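# Structural features, examined
Next come the chains, spelled out residue by residue.
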Amino acid sequence: MSEAPQTGFDDPREEDEALFSITATDVLEYLYCPRFSYFESYLKIPEHQEKRFKVQKGRSVHEEKAAFNPDYLRKKLGCVERKKAVYLASKRGIRGMVDEVLFLDDGTAAPLDYKYAEYKERTFKNHVYQLVFYGELIRDHFKVPVTRGFIVYTRSHNKLVEVPISEKHYAELNNFIGSLLQIVRAGLYPSPTSAKARCADCCYGNICEKVI
């Protein structure tokens, strides 16, 4: 009798998670509305507004990234090393491309993300959890603490905003991922977003009873 193939996972839940590769975009879609994840990722109904969740980084943003002063990072943040466009993946099945990984003089690391947006005097939840997602990848790969992240708002003159990341954030991210996997793997039909305004221009509005 042949032996069962080895998967490399000690916990069956880790194997289940790895079978569906989760990106930051998947998490952002779930946060926007869990039903969006159901229609797109479980029922495989294509959506035709791909730019809604994907970061829009035009030529001007890439130019600004290239021009962003590393001396400023070293002086203001204590950055001792800077890696750009870092692709990271975890055996848990999460993966993503981090704009920059900063290694700081206090022994921690931090994701830095560029947003083609204006800063509105607060950091939106989706921006926060995109950093948390990248922080999880960074600490898993580099084995260093990640307790904060940074966002550069390119349409606000490259304003740099620091975002604290706590263990509570990581725990909540894991809850989001668990719920997302229930939708994608088991076909759980989730409750819709409580923000009704989001339904108005949703591409799945014609098949979701929330707005019928």
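Residue numbers here run from 1 along each chain, matching the order of that chain's written sequence. Only residues with pLDDT of 70 or above have their local features reported here, since the model is predicted, and side-chain atom pairs are shown and tallied only from 80 upward, although totals for entire chains, interfaces and linings are computed over all residues. Water and hydrogen atoms were dropped before computing side-chain values, which therefore reflect all heavy atoms in the structure.

## Description of the overall build of the protein chain
What the protein chain contains, in helices and strands, is seven helices and five strands. Ordered by position from N to C terminus, the α and β elements of the protein chain give α-α-α-α-α-β-β-β-α-β-β-α. Whether a residue is buried, partly exposed or exposed follows from its accessible area with a 1.4 Å probe, protein chains only, as a fraction of its type maximum: under 20%, in between, or over 50%, in that order. In the protein chain, which comprises 212 residues, the share counted as buried stands at 44%. Counted over contacts in the protein chain with a minimum sequence separation of 6, partners at least 24 positions apart contribute 67%. To measure how exposed things are, a 1.4 Å probe is used in the Shrake-Rupley method; for residues, cover is taken only from the protein chains shown. Just so you have it, the protein chain exposes about 11,900 Å², and 50% of that area is on carbon and sulfur atoms. The helix and strand labels rest on DSSP assignments: H or I over at least four residues marks a helix, E over at least two residues marks a strand, and numbering proceeds from the N terminus. Residue contacts follow a heavy-atom distance rule, with two residues in contact if any of their heavy atoms lie within 4.5 Å.

## Some words on helix H7 (residues 167-186)
Here a helix's expected span is defined as the number of its residues, less one, multiplied by 1.5 Å. With 20 residues, H7 ought to run about 28 Å at 1.5 Å a step, and its terminal C-alpha atoms sit 28 Å apart, in line with that. Turning to H7, its buried residues are Tyr170, Leu173, Phe176, Ile177, Leu180, Leu181, Ile183 and Val184. Mapping the buried residues of H7 onto a view down its axis gives an arc of 160°, with all of them on the same face. Those residues of H7 that are exposed and aimed more than 90 degrees away from the buried face are Glu167, Lys168, Asn175 and Ala186. Among the residues trailing H7, Gly187 stands out with phi positive, at a value near 75°. Directions from the helix axis toward the C-beta atoms define the arc.

## Topic: the sheet that holds strand E5 (residues 159-164)
In this scheme, strands are said to pair when DSSP sees at least two bridges between them. If you walk across this open sheet you meet the five strands as E1-E2-E3-E4-E5, and the pairing is mixed. Looking at the sheet topology across the chains shown, the edges are occupied by strand E1 (79-89) and E5. On average, adjacent strands in this sheet sit at an angle of 30° to one another, irrespective of strand direction. Direction of pairing for E1 relative to strand E2 (residues 95-104): antiparallel, over a ladder of nine bridges. Note on method: axes are straight lines fitted to C-alpha atoms, helices fitted across the in-contact stretch only, with angles between N-to-C directions ranging 0 to 180 degrees.

## Quick notes on the packing of helix H6 (residues 125-142) against H7
Relative orientation and spacing of two packed helices are given, respectively, by the angle between their axes and the distance between those axes. Relative to each other, H6 and H7 sit at 95°, their axes nearing to 10 Å. With respect to each other, H6 and H7 are oriented roughly perpendicular. For the pair H6 and H7, contact is made by Lys125, Val128, Tyr129, Val132, Phe133, Gly135, Glu136 and Arg139 and by Glu167, His169, Tyr170, Glu172, Leu173 and Phe176, respectively. We call two directions roughly parallel when the angle between them is under 35 degrees, roughly antiparallel when it is over 145, roughly perpendicular when it lies between 65 and 115, and oblique otherwise.

## Focus on the side chain of Ser156
By secondary structure assignment, the location of Ser156 is in the loop between strand E4 (148-153) and E5. From its side chain, Ser156 meets the backbone nitrogen of Tyr119 in a polar contact 2.8 Å long. If sequence neighbours within four positions are ignored, Ser156 has contacts with Ala117, Glu118 and Tyr119. Identification of polar contacts relies on pairs of N or O atoms within 3.5 Å, with a donor-acceptor requirement for protein atoms, meaning one able to donate a hydrogen and the other able to accept it, and with residues adjacent in sequence counted only if both atoms are side-chain atoms.

## A short note on the confidence of the model for the protein chain
Averaged over all residues, the pLDDT of the protein chain is 83; the fraction at 70 or higher stands at 79%. One number per residue, pLDDT, summarises how confident the predictor is, and it ranges from 0 to 100. When mean pLDDT is taken per element in the protein chain, H6 scores highest with 97 and helix H1 (residues 12-18) scores lowest with 43. Confidence drops under a pLDDT of 50 for residues 1-18, and excluding neighbours within four residues, the segment shows 13 contacts in the predicted structure. Taken as a whole, residues 51-59 scores under 50 in pLDDT and shows 18 contacts with residues more than four places along the chain or in a different chain.

## Some points on unusual backbone geometry
In this model, Lys44 sits at a positive phi of 60°, which is unusual for a non-glycine residue. Inspection of the secondary structure puts Lys44 in the loop between helix H3 (34-42) and helix H4 (59-67). Classification of Lys44 as exposed rests on a relative accessible area of 58%. Although it is not a glycine, Glu121 adopts a positive phi angle of roughly 70°.

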